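Each chain is listed here by its residues.
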Amino acid sequence: MLAIPDSDKVLYDIDGCKDLAALESLRVALLGKSGSITKILQQAGALSPEERKKISQTANNLKNTVSDAIAKRRVILKDEEISDRLMLESVDITLPELQQKFGQLHPLTKVFQEVTDIFTAQGFAVASGQDLEREYFNFTALNMPESHPARQMHDTFYIKDDKRIVGASDEKLGKYLLRTHTSPVQIHSMLRWGAPLRVLVPGRTFRCDYDATHSPMFHQAEVLVLDKGISFAHLKGCITDFCRKFFEISTLPMRIRPGYFPFTEPSAEIDIPYHIKDKRIVIGQSKTEENKWLEIAGCGMVHPEVLRHGKIDAEQYQGFAMGWGLDRLAILKYGAPDIRGFFEADVDWIERYGFSAFA
Ligand code: DAH
């Protein structure tokens, strides 16, 4: 006689399965290829016809009941598993915040933004030019012909195999070099937009220089204004206005002293007073510390020769130009004493002198 498992006991076991894996094991033990119910059905074939009918019927009923019970239990266990996972993955809003560090804005980025804000508010357009410049725009068109001694003060990095550069075929424009100042963009702007014109050119510049106030890569902002009836008084007003806004000191003393640049006539240099206190640079004059001046810009009335290269009618239009040293503006305003720290990518330095991007 074949022993048919007790149906109540089997259903009780199915209900007792705590997870899907246990339920699957039980299913295999009952209904799998060599499961107890499967075996009974197989072995029933050897019985007498009467017994076979009886046993097969009972075993088949049990098989159906067990299959249904397992399917129902599986649905319940799956639901439980999902809600368990949801419980585990929920956000605990009572946990303390992560001590996440945010990046800082470099003082130069800040200065770029501030200078641009001041000039664009006065109707200046912003241009950038390119770091890789031609000799013609960097020197010749700015009234520094080939033999001009001022070229030596702008020693820079020439590009050796310039034939491979796209557009290098126009030999009249001379060698490629890393621009030594932003002034070549004066010529590009004149050729592109003509007069009247108000343009600001913040950008990277390069020279063979390296000490506490000079770095081989530095930053300038060129200012060019062309219009009818422009005089030195406009230039002076523009400088004073900019410095007071930038340094946020309405009575800031300044020195505008005569200078020489081949591309302006007359030319001047602009100095700002400072002193050192607690190893930091402080703007303005002190009664107790040694007072010094830092040159922050060159400027002047645009030379007629430069206007000619820019295809501007010098009989009708005059203009003034300036070139600000952005790194020096940053040194003065934000007190980082050595320009070399600006480009060393030192995280401690940026934490000391940098700014929150959200401020
Ligand atoms: N390009 C000059 C330099 O790098 C700075 C300068 C001086 C720019 C006078 C000007 C200017 O536009 O008018 O030293």
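Residues numbered from 1 in each chain as written. Predicted model: local features only at pLDDT ≥ 70, side-chain atom pairs only at ≥ 80, totals over all residues. Heavy atoms only, no water.

(A) Structural context of the domain arrangement of the protein. Split into domains, the protein comes out as domain 1 (7-89) and domain 2 (105-356). One C-alpha centre belongs to domain 1, the other to domain 2, and the line joining them spans 85 Å. (Domains from an automatic or database assignment.)

(B) Region of the structure containing the pairing of strand β7 (residues 255-259). Relative to strand β8 (residues 264-277), β7 is paired through five bridges, and the arrangement is antiparallel. Paired with R257 across the two strands is E269, which belongs to β8. In this antiparallel pair of consecutive strands, β7 and β8, the connection spans four residues. (Pairing = 2+ DSSP bridges. Helix = DSSP H or I, 4+ residues; strand = E, 2+ residues; numbered from the N terminus.)

(C) Highlighting unusual backbone geometry. Here the bond from A195 into P196 is cis, since omega is -5°, no more than 30 degrees from zero. With respect to the helices and strands, the residue P196 is situated in the loop between α8 (184-193) and β5 (197-206). Residue E265 is joined to P266 through a cis peptide bond whose omega torsion reads -5°. Mapped onto the elements of the fold, P266 is located in strand β8. Of note, the phi angle at A345 is positive, near 50°, even though the residue is not glycine. Mapped onto the elements of the fold, A345 is located in the loop between α11 (326-334) and α12 (347-353).

(D) Looking closely at the site of the ligand. Near the ligand, the surroundings consist of 15 residues, among which H181, S183, R207, Q220 and E222 are the closest. With respect to the ligand, the side chain of S183 contributes an N or O atom lying 2.9 Å from a nitrogen atom. Protein coverage of the free-state accessible area of the ligand, which is 350 Å², stands at 93%. Counting residues per element, the ones that place at least two in the shell around the ligand are β6 (217-227), β10 (292-302) and β11 (318-325). Of the residues assigned to the shell around the ligand, the class counts are five nonpolar, eight polar and two charged. (Near = heavy atom within 4 Å. Polar contact = N/O pair within 3.5 Å; in protein donor to acceptor, adjacent residues only side chain to side chain. Areas by Shrake-Rupley, 256 points an atom, 1.4 Å probe, with all protein chains shown as cover. Nonpolar A, V, L, I, M, F, W, Y, C, P; charged D, E, K, R; others polar.)

(E) Structural detail: the pattern of salt bridges. In the structure shown here, the tally under the stated rule is 13 salt bridges. For K9, the salt bridge goes to D13, with nearest N and O atoms at 2.9 Å. Highlighted residues: K9 and D13, both in helix α1 (residues 7-16), separated by four residues, approximately one helical turn. Taking the relative accessible area as the measure of exposure, D13 reaches 27% and is therefore partly exposed. (Salt bridge = Lys/Arg side-chain N within 4 Å of Asp/Glu carboxyl O. Buried < 20%, exposed > 50% of the residue type's maximum accessible area, 1.4 Å probe, protein only.)

(F) Main features of the packing of aromatic side chains. For the structure shown, the criterion picks out 11 aromatic pairs. Pairing F242 with F246 gives two aromatic rings, centres 5.6 Å apart and planes at 20°, and the pair type is stacked. Of this pair, F242 and F246 both sit in helix α9 (residues 232-247), four residues apart, which is roughly one turn of the helix. Following the ring pairs from residue to residue traces out a cluster consisting of F119, F124, F242, F246, F247 and W324. The lysine or arginine in question, K110, covers the ring of F355, its NZ or CZ lying 4.6 Å from the ring centre. (Phe/Tyr/Trp six-rings, centres within 6.5 Å; stacked < 30°, edge-to-face > 60°. Lys NZ or Arg CZ within 6 Å of the ring centre and 35° of its normal.)

(G) Quick look at the packing of helix α2 (residues 20-31) against helix α4 (residues 49-89). Where α2 meets α4, the closest approach of the two axes is 10 Å, and the angle between their N-to-C directions is 170°. Of the possible angle classes, the one that applies to α2 and α4 is roughly antiparallel. On the side of α2, the interface is formed by L20, L23, E24, R27, L30 and L31, while α4 contributes K63, V66, S67, I70, R73, R74, L77, K78 and E81. Its residues assigned to classes, the contact of α2 with α4 comprises seven nonpolar, one polar and seven charged. (Axes fitted to C-alpha atoms, helices over the stretch in contact; angles between N-to-C directions. Parallel < 35°, antiparallel > 145°, perpendicular 65-115°, else oblique. Contact = heavy atoms within 4.5 Å.)

(H) Layout of the environment of V185. Along the chain, V185 turns up in helix α8. With relative accessibility at 2%, the residue V185 sits in the buried group. When the C-alpha atoms of V185 and R207 are compared, they prove to be 17 Å apart, with 22 residues separating the residues in sequence. Those residues in contact with V185, other than ones at most four positions away along the chain, are A127, S128, G129, R179 and V201.

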